[in-house]
Every structure is written in C-alpha cells, then in structure tokens.
Amino acid sequence: MYKKNLLCSVTVFLASFSIMAVVGCGGPKWPPTYKSSGTVTLDGTPVERATITFYPLDGQKPANATTDANGAFELTSFNAGDGATPGSFGVAIQKFPAIEIETIPGGTPYDESMNTDEGPSPDSEKDPVNELPEKYSNHEKSGLSATVVTDGENVFTFELKSK
C-alpha cells in the first residue's frame, strides 16, 4: 500500500512539474509594446539607411529602426517590428556609408599570394563618417523627441535640416 501511494505521489508530482515546465510561469517575457513607425527626411528628401534610436526618458526600454528607400521605418524593441514601449523618448538619427562585402560561398580559398608583411592601409582604419548633420546623432542635443502612447497612433515624422 505504501509503495502504491508513493508511486502515485511521484507520478502526480512529475506530471505537475512537466506541465509547469511546458507552460511556464508568469506573464509575458517583455513589457507591452505598441506599433510605432514614421519617416525621416533631410531637406524634404527621404533618407535611406538611416538608423533611428529612441532613447527612453521614463525608464522604459529603448527602440530602434532603419529607414527604407522612402525614408520609412518601423520601430523594434524586442522582436522585429514590435514597436516601442509607451513613454517619452529622446531621438537620435545617424546614417553611415553602406559596407559592401564580397563573399564566396564556402569562404575564400587560401592562396599564397594573400600573405603579406604590410599592415592595413590607412584608409581602412578611418572611422566611418555620419552622412547626416552631427547634431542629430545625439539624443540629448538633436532637438528630436517622441512620445509613444497606448491609445492612438504612433506615427512620427522627423524632418531634418542640413543647415
């Protein structure tokens, strides 16, 4: 009788533990986010490949995005395109030259001619230059801000000026 009760208790415990492991504990892993999108222009022209960063002012999580050819963006906080957490943000926008890398499937085969005693060229050590006015790269000095709301549209237009 004792063995039967012990076996039953162990079975119930293992079943309960398995269910908790599969289902998990608590609520969502991240705070709620709200779809947030917008556009970036420089002197009226859409800015492609700009990086927009929303820096939290109220203790929430940051969000970021990259603009497409039309200057449009969709913010991401945790998962692609999930939006931003509600609250106020300082905004920074930067754009750096695209880096193109030539690749060969499976990598580049080794060749003796690749050996060299020369260091990297001076050009390869230069930091990339932001293609937008420098003031927009710092969220505290850019003059750009945004507030993400829980009940309404979160569409932002950033009209940058070159001078």
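Above this text is the structure in question.
Model, not experiment: these values are computed from the prediction.

Conventions adopted
Residues numbered from 1 in each chain as written. Predicted model: local features only at pLDDT ≥ 70, side-chain atom pairs only at ≥ 80, totals over all residues. Heavy atoms only, no water. Phe/Tyr/Trp six-rings, centres within 6.5 Å; stacked < 30°, edge-to-face > 60°. Helix = DSSP H or I, 4+ residues; strand = E, 2+ residues; numbered from the N terminus. Buried < 20%, exposed > 50% of the residue type's maximum accessible area, 1.4 Å probe, protein only. Core = buried A, V, L, I, M, F, W, Y, C linked by side-chain atoms within 4.5 Å. Contact = heavy atoms within 4.5 Å.

Undergrad: I keep staring at the packing of aromatic side chains and nothing clicks. Help me out?
TA: Aromatic rings in a pair are described by how distant their centres are and how their planes are angled relative to each other. Scanning the entire structure with this criterion turns up 6 aromatic pairs. Measuring from ring centre to ring centre gives 5.4 Å for Phe-54 and Phe-89, while their planes differ by 55°; the resulting arrangement is tilted. A residue pair is termed long-range when its members are at least 10 positions apart, and Phe-54 in strand β3 (residues 51-56) and Phe-89 in strand β6 (residues 87-94) qualify at 35 residues. Neither residue differs from the other here; Phe-54 and Phe-89 are each classed as buried. With 5.5 Å between their ring centres and 70° between their planes, Phe-54 and Phe-156 make a pair best called edge-to-face. Linking Phe-54 in strand β3 with Phe-156 in strand β8 (residues 155-160), this pair joins segments that are 102 residues apart in sequence.

Undergrad: Would you mind showing me how to read the nonpolar core here?
TA: Burial of nonpolar side chains together is a common tendency in soluble globular proteins. Among the nonpolar cores identified, the biggest contains 21 residues, and Val-40, Phe-54, Phe-73, Val-91, Ile-93, Phe-158 and Leu-160 are the most heavily contacted of them. Secondary structure elements with two or more residues in this core: β3, β4 (63-66), β6, β7 (145-148) and β8. Each residue touching Val-91, except ones within four places of it in the same chain, is listed here: Ile-52, Thr-53, Phe-54, Tyr-136, His-139, Ser-142, Leu-144, Ser-145, Ala-146 and Phe-158.

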